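Spelled out, the chains give:
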Amino acid sequence: MEAGKEKLWTLPFVLDTVINLLVFLIYYLLIVIIAVVAKDSLHATSSQAGLAVGIYIIGTVVARIFAGRFVSTLGGRKVLYVGLGIYLISTILYFYIPNLVVLDTIRFINGFAYGITSTATSTIVASVIPKSRRGEGINYYGLSTSLAAAIGPFLGIFLLSITNFDMIIALCVCLVILCVIGAFLMKYEEPKLSEALIKEESGRRISDYLEPRVNSITLISILVGFAYSGILGFMASYTREINMVQAGTWFFVVYAVIITLTRPSLGLIFDRKGENYVLYPCFISLAIGILLLAFADASWMILLSALFVGLGYGTYMSNGQAVVVKMVPFHRIGIATSTYFIALDIGLGFGPYVLGGVKELIGFTNMFLLTAAIAIVAFICYHFLYGRLIGTPNDPALKAQKEEMEIRNEKGEFVPDHSVASAH
């Protein structure tokens, strides 16, 4: 470690990252098999099976709206305990799914718990990472998500082929219990808000649940999520139509590997050069990746597409979070993080519904061309709404730093000293 360099790999950072990995692993493991279970065990139609998959994200969005506020007022650790408690109970409930109504209800509650838990872990990680290494730390933390995205679907499909659903749920319950143990072992210093500041977060205003300071990144995140949703929602059917199913299967593996290999270095670039050096290329990479997919006539084009999409959406997902953390004072990090992920969820959740109708009218190729154009629109929006403001008096990050200092000086708020927190 360089002399004077603040410590990143603390016990709270490692535990929070592992908890996030396991929570996302359960999410990806179940999402790929739940439609099969609904059809085979409950005789669901395709649309009913799709609802069982999609209602999870509705629960997630609902949870994120409220979780961000309570993370700010109650603290990340308490909210994490609540989220994991509901996650454990709702996962156990999968053992009893006599009909589709019960399954959909459990899926909603499970998604709600996932939303609370993932908001808490994302906020905690911003609290335990030194500010000087925030981009690097969040990118390492983001690896937990990409690893879960690679391992989860394969693990789910593999386990379903060799065992039954109850055994898979038993494994998931064990993983949640490990998360609970990790949460209780995690100790770190949290910001302690004064009564005056807590009263300001009264819950009567929209801004108590959604962070207006990050509106620019919120819009961009919806566009990026929407562009990527065409890949997420239609890769299987598209590659089946063009007779490249095997390449489609390996797409997400290549995607995850690229993210895993590049995130640490991209985090260092974020910290040392600034977010524009990372985010401007990511929008272009996403557009190139989608264009390659649109015109794919060979397997190598699909795999090359995965590389560019990984550098695009995969890069944005973690570095976008690092940006919103910079844009707000310390007591609003939870709400800002929640708002950011709500925006991504909206793009990812509603995109397939809209693009499904578009595909029926204009076909897969033109649908992908449309989403590539949306990635370029995201590039333009980023430049005018955020990128060109960096270093100017209107720089959102500089405004947040000024506001944080005013709160520290005028209201005597506690802001954790990361060099002290790292001792835990």
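Residues numbered from 1 in each chain as written. Predicted model: local features only at pLDDT ≥ 70, side-chain atom pairs only at ≥ 80, totals over all residues. Heavy atoms only, no water.

Caption draft 1: Seen up close, the overall build of the protein chain. The helix and strand tally for the protein chain stands at 15 helices and zero strands. Here the C-alpha atoms of the protein chain give a radius of gyration of 21 Å, agreeing with the 22 Å that 2.2 N^0.38 yields for 424 residues. If one aligns the C-alpha atoms of the protein chain with their principal axes, the spans along those axes are about 60 × 45 × 45 Å. The contacts of the protein chain with a sequence gap of at least 6 include a subset with a gap of at least 24, amounting to 85%. When the accessible area of the protein chain is evaluated, it comes to approximately 17600 Å², of which 68% is carbon and sulfur surface. (Helix = DSSP H or I, 4+ residues; strand = E, 2+ residues; numbered from the N terminus. Rg over C-alpha atoms; globule rule 2.2 N^0.38 Å. Contact = heavy atoms within 4.5 Å. Areas by Shrake-Rupley, 256 points an atom, 1.4 Å probe, with all protein chains shown as cover.)

Caption draft 2: Spotlight on helix α11 (residues 276-294). Under the 1.5 Å per step criterion, the end-to-end length of α11 is 27 Å for 19 residues, consistent within 8% with the ideal 27 Å. Taken across its 19 residues, α11 has 14 buried, putting it largely inside the fold. (Expected span 1.5 Å × (residues − 1). Buried < 20%, exposed > 50% of the residue type's maximum accessible area, 1.4 Å probe, protein only.)

Caption draft 3: Region of the structure containing the nonpolar core. If you look at the biggest cluster of nonpolar residues, it comprises 119 residues, and the most contacted ones within it are Leu30 and Tyr316. Filtering out sequence-adjacent residues up to four positions away, Leu30 remains in contact with Tyr94, Arg107, Asn110, Phe165, Ile168, Ile169 and Cys172. (Core = buried A, V, L, I, M, F, W, Y, C linked by side-chain atoms within 4.5 Å.)

Caption draft 4: Inspection of the pattern of salt bridges at higher detail. Following the criterion strictly, the structure yields six salt bridges and no others. If you follow the salt bridges from partner to partner, you end up with Glu211, Arg213 and Arg332 in one network. (Salt bridge = Lys/Arg side-chain N within 4 Å of Asp/Glu carboxyl O.)

Caption draft 5: Seen up close, the packing of helix α9 (residues 215-241) against α11. Direction vectors running N to C along α9 and α11 enclose 25°, while the axes themselves pass 12 Å from each other. Regarding the angle of α9 to α11, the classification is roughly parallel. α11 is crossed by α9, and the crossing has left-handed handedness. Here Ile220, Val224, Ala227, Ile231, Met235 and Tyr238 of α9 come into contact with α11, specifically with Phe283, Leu286, Ile290, Leu293 and Ala294. (Axes fitted to C-alpha atoms, helices over the stretch in contact; angles between N-to-C directions. Parallel < 35°, antiparallel > 145°, perpendicular 65-115°, else oblique. Left-handed = near helix turned anticlockwise from the far one by under 90°.)

Caption draft 6: Examining a nonpolar patch on the surface more closely. The grouping of Leu219, Ile284, Ile288, Ile376, Ile380, Phe384 and Leu385 at the surface amounts to a nonpolar patch, some 540 Å² of accessible area in total. Elements supplying a minimum of two residues to the nonpolar patch: α11 and α13 (333-385). Sort the elements by how many residues they give to the nonpolar patch and α13 lands first, with four residues. (Patch = residues over 30% accessible without salt bridge, like charges linked within 9 Å, V, L, I, M, F, W, Y side chains within 5 Å.)

Caption draft 7: Seen up close, the confidence of the model for the protein chain. Across the protein chain, the average pLDDT comes to 85, with 90% of residues at 70 or higher. Confidence, read as mean pLDDT per element, is least for helix α15 (residues 418-421) in the protein chain (35) and greatest for α11 (97). In this model, residues 417-424 is a region of pLDDT below 50 whose contacts with residues beyond four sequence positions or in other chains number 18 contacts. (pLDDT = per-residue confidence, 0-100.)

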